[in-house]
Amino acid sequence: MNVVREGVEDVRRVARGWRWGRRSLVPRSAEPWVEPVEQTVFGTDWARRRAGRVAREVAQKGGLEPVFRSQVRTRVEGVDVLSRIDGPVIFVANHASHLDTPLILLSLPDEWRRRTAVAAAADYFFDTWWRAVGSALLFNTFPIDRRGGAMSATPGEVLADGWSLVVFPEGTRSQDGWTGRFRLGAAYLACEHGIPVVPIAHRGTFAAMPRGQNWPSPGRRQLTIRFGEPLRPEPDESPRSFAPKIRDAVASLLDEESSTWWEARRRAAAGAIPDPSGPDVATWRRVWAQSASPQANGSRRAAWRR
Amino acid sequence: MSRPGFVLEVDDRTPPLVVHEGQGFRLEDFPLGTRVVYPPESMLTVPDVEEAIRDALLNPVDSEPLPSLLRPGMRLTIAFDDLSLPLPTMKAPDIRQRIIEQVLTLAAEAGVDDVELIAANALHRRMTPAELKHIVGERVFRSFHPQGLLYNFDAEDRDNLAHLGTTDQGEDVEISKRAAESDLLVYVNVNLVAMDGGHKSVGIGLASYKSLRHHHNPHTMVRSHSFMDHKKSHLHHSAWRMGRLIKDHVKVFQIETTLDNRVFPSPYEFLMKREWEWSVRDQASMLAVRRGLSVAPRRVRHKMFHDMRAPYGLTGVNAGEVEAVHERTIAAVHRQQLVEVQGQSDVLVMGVPYLGPYNVNSTMNPILATCMGLGYYFNSYRGQPVVRRGGAVILYHPLNEGFDQLRHPSYVDFYEEVLAETTDPAVIGEKYEQQFATDPWYIHLYRTSHAYHGVHPFYMWYWAAHAMDHVDDVIWVGGDRKVASRLGFRAASTLADALEMASDTVGASPSITYLHNPPHLIADVKV
């Protein structure tokens, strides 16, 4: 019996020490010595073919959505903007948690959800075959290389095939829940392909499942998501001038979340949109502010509600 | 490109770390802030071993090419390191075989008839024919062993020893007569660690007790800081003086080799990897090995470990004049093993593995375990010891393997009679060494059986003298309490207990450094 007990104890220690089921961590002092991994190119075209679409529909509606709704509550606003445009579009959102992607996808009308793909970091979601297959099947992800490099499908090709994209221009999840710097990728795609950008702002995902957590906190935390008016780049507009407009649109939606549509509009018109990167205060205060879930019914009256 | 060694600081992300303990290993959770010294990864090996050897023989350092030193009618002796190197035993073909074959090919081409091969085992045990064969290869063995021309050195064969004189410090130099009277002595070495090679090869490997006693004594060894730094080791200074005297009598053509850090074959490769980089396969292998070891009978466990053959790769081969060659060799060893460590710590932790130089195909008895931990691993530093003076050393080993009566007969008496009286190296040397060194029964077993010389356990104890002098506390985690007590140390069940016990010496919150060894490393301590 001792042998069995010791065996079980060994397995437990390894499971705990090597974080089975979670991403392994490198000790901080060893980080400078981590070898760059040779990126394997995983094809994801299959996930956008008919069989992949059917499998995803089953997985999303039969698995993802019930589980998601059982763990969090959502409030979706402004989604009617989609009824006024035709796809494809680029959905651009702030990024604070792994809940962001299912929140966005499951907030979209079905016909939009079925035609939306998600740009995902190759070094994170495509580092192993099972993670690549899982994320491509469930979320219709395709890999983008944050460091630059050859990938199996480019965002342009996916857009050209008529798919809308979800892009998180921050490139990574926020450390403290506040919005970081926007990279130019989404603006570049919009300008290059003349495709509208639909800004999205959401709150509560950081409070529900921040970095380091692989399951939402108990208590069905409240999440809110707000879709904004589509932005179209001017003819010959450069990504560098278009990108700030996208960030402002997301920032204005976040402002709207904490005030009203009208107040947010007026501040936007006056060029006084609150900085979405948050106040320059102690880290704990920044985290503290974001770790509170939004109110269940919203403290203010929303402009639109689904 | 291989990564250099580095010092890890244990944090909340650090998984349990492997610590060797005899025929097994444990996963240890070190206190946060513990420094862990990891050896460099294996360097690039030479692309063509045969070509590298040929090049070294034809283009030696500070010497004529080997072919020009060979002529018909000459007496050629080839000496080579015994089975104490490398550790674990190298997967066939051994690098010594490959070199000796090329040397013999050149000798045959030059028409040399008088060739003898001597294993430079000094006071180590005689190797069995199978062990000799593994080192030199089947062709060499078949050509020389049946005629008695391939043999172990016998340091007690008075008729075949030559006294070459004394050094300027009065040290006797007495080595193999055949080697001393040869026209050319070719020495083939495996420089596994920095203390090997140089004048230590011939000056110690082919020497008798009369010579060895001048440097293998507590007085010299306690002042060797450290054995891994030959320029600061009194033992090496003595060997160098002797080597220079030998050079005046016989032409030595030294061939030194350096190896990479691949000490563990499949499926034990995970032991060479940094734990947080273990793949699922590595984790599964580790679990399988640990579970296998836990249910395996002692005999099977012994076989699992001692049947390991290391897939070492050759990182360099240099030939020519002893000191010039050795400079190059040491540079290569440092490239492979040196790790910079900032400052000393209060506690030094080391895991003593199943194998040391003196228990190949045998057991790691408590004296050898002490030598391995406090002798070899403690001395794996350059500059200053990793632990501060007055600090504590924590070692992992069960100390329960007992004694091998065939190979270590004098160790039994040393343990039962000498250590029961005192553990002070100086007193032991003064009072008992002569008796053991000249005991006719031990000499008989050394010469005719496979026993280490009677004085050998004393040398093992002297190896540890510097560490015993330097630290105030030595605690064995997982060690047999009675055995640890006989050795003059203490035993603890866990690291936490050991730290608690050491708190009298180093306080309640000591700084801790763990040497993640093997693979081999040298801590280059900057103070």
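S.K.: Just give me the short version of the overall build of chain B, but keep the residues and values in it.
M.R.: When helices and strands are tallied, chain B shows 21 helices and 20 strands. With respect to the three principal axes, the spread of C-alpha positions in chain B is 70 × 55 × 45 Å. For chain B, the proportion of its 527 residues judged to be buried stands at 55%. Nonlocal contacts in chain B, meaning residues at least 24 apart in sequence, comprise 79% of its contacts between residues at least 6 apart.

S.K.: Hey, could you go over the overall build of chain A for me, with residue numbers and the actual values?
M.R.: For chain A, the count of helices and strands is 12 helices and 7 strands. Expected size for 306 residues packed as a compact globule is a radius of gyration near 19 Å; at 20 Å, chain A falls within 12% of this value. Taken over 306 residues, chain A has a buried fraction of 36%. A fraction of 76% describes how many contacts in chain A between residues 6 or more apart in sequence connect residues 24 or more apart.

S.K.: Hey, could you go over helix H18 (residues 456–463) of chain B for me, with residue numbers and the actual values?
M.R.: The element H18(B) is largely enclosed, with a buried count of 8 among its 8 residues. The inward-facing, buried residues of H18(B) contact helix H9 (218–221), helix H14 (366–377), helix H15 (409–421), helix H16 (425–437) and helix H19 (465–470) of chain B.

S.K.: Any chance you could break down the sheet that holds strand E7 (residues 150–152) of chain B for me, citing the residues and the numbers?
M.R.: Hydrogen bonds between backbone atoms are what pair the strands of a sheet, whose relative direction is either parallel or antiparallel. Residues and elements named next belong to chain B. Taken in spatial order, the 6 strands of this open sheet run E7-E6-E5-E10-E11-E12, and their pairing is mixed. Across the chains shown, the open sheet's two edge strands, defined by having one partner strand only, are E7 and strand E12 (314–320). Shown here is a sheet whose adjacent strand axes are inclined to one another by a mean of 15 degrees, direction ignored. As paired elements, strand E5 (residues 75–81) and strand E6 (residues 114–120) share 7 bridges and run parallel to each other. In the sheet register, Thr-77 faces E6, and the bridge partner there is Glu-116.

S.K.: How would you explain the domain arrangement of chain B if you had to name every residue and give the values?
M.R.: All names here are of chain B. Domain assignment breaks chain B into domain 1 (6–43 + 261–267 + 309–320 + 337–526) and domain 2 (60–248). Averaged C-alpha coordinates put domain 1 and domain 2 at centres separated by 26 Å. The partner domain 2 presents 35 residues to the 40 residues of domain 1 that form the contact. Counting only elements with at least two residues in the side of domain 1 that touches domain 2, the list comes to E12, strand E15 (381–382), H16, helix H17 (440–448), H18 and H19. For the side of domain 1 that touches domain 2, the residue count by class is 25 nonpolar, 10 polar and 5 charged.

S.K.: Would you mind going over the nonpolar core in detail, with residue names and values included?
M.R.: Within the largest apolar cluster, 172 residues are counted, with the highest numbers of intra-cluster contacts made by B:Ile78, B:Ala79, B:Val393, B:Ile394, B:Ile475 and B:Ala523. In terms of residue count, H14(B) provides more of this core than any other element does, 8 residues in total. The residues that make up this core include at least three from each of domain 1 (6–43 + 261–267 + 309–320 + 337–526) and domain 2 (60–248) of chain B. With residues near it in sequence (within four places) discarded, B:Ile78 still touches B:Ile100, B:Val103, B:Val115, B:Leu117, B:Val186 and B:Val188. Counting 58 residues, the second-largest nonpolar core is a separate cluster that includes A:Val118, A:Ala120, A:Val166 and A:Ala251.

S.K.: I'd love a proper account of the packing of helix H10 (residues 239–258) of chain A against helix H11 (residues 261–269) of chain A, names of residues and values included.
M.R.: Residues and elements named next belong to chain A. Packing of H10 against H11 brings their axes to within 8 Å, and their N-to-C directions diverge by 140 degrees. Taken together, the axis directions place H10 and H11 in an arrangement best described as oblique. Handedness of the crossing formed by H10 with H11: right-handed. Touching Ser-252, Asp-255 and Glu-256 of H10 are Trp-261, Ala-264, Arg-267 and Ala-268, all from H11. For the contact of H10 with H11, a count of residues per class yields 3 nonpolar, 1 polar and 3 charged.

The rules we used
Residues numbered from 1 in each chain as written. Chains lettered and ligands numbered in written order. Predicted model: local features only at pLDDT ≥ 70, side-chain atom pairs only at ≥ 80, totals over all residues. Helix = DSSP H or I, 4+ residues; strand = E, 2+ residues; numbered from the N terminus. Buried ≥ 20, exposed ≤ 12 C-beta atoms within 10 Å, placed from the backbone. Contact = placed C-beta atoms within 7 Å. Rg over C-alpha atoms; globule rule 2.2 N^0.38 Å. Pairing = 2+ DSSP bridges. Axes fitted to C-alpha atoms, helices over the stretch in contact; angles between N-to-C directions. Domains from an automatic or database assignment. Nonpolar A, V, L, I, M, F, W, Y, C, P; charged D, E, K, R; others polar. Core = buried A, V, L, I, M, F, W, Y, C linked by C-beta atoms within 7 Å. Parallel < 35°, antiparallel > 145°, perpendicular 65-115°, else oblique. Left-handed = near helix turned anticlockwise from the far one by under 90°.

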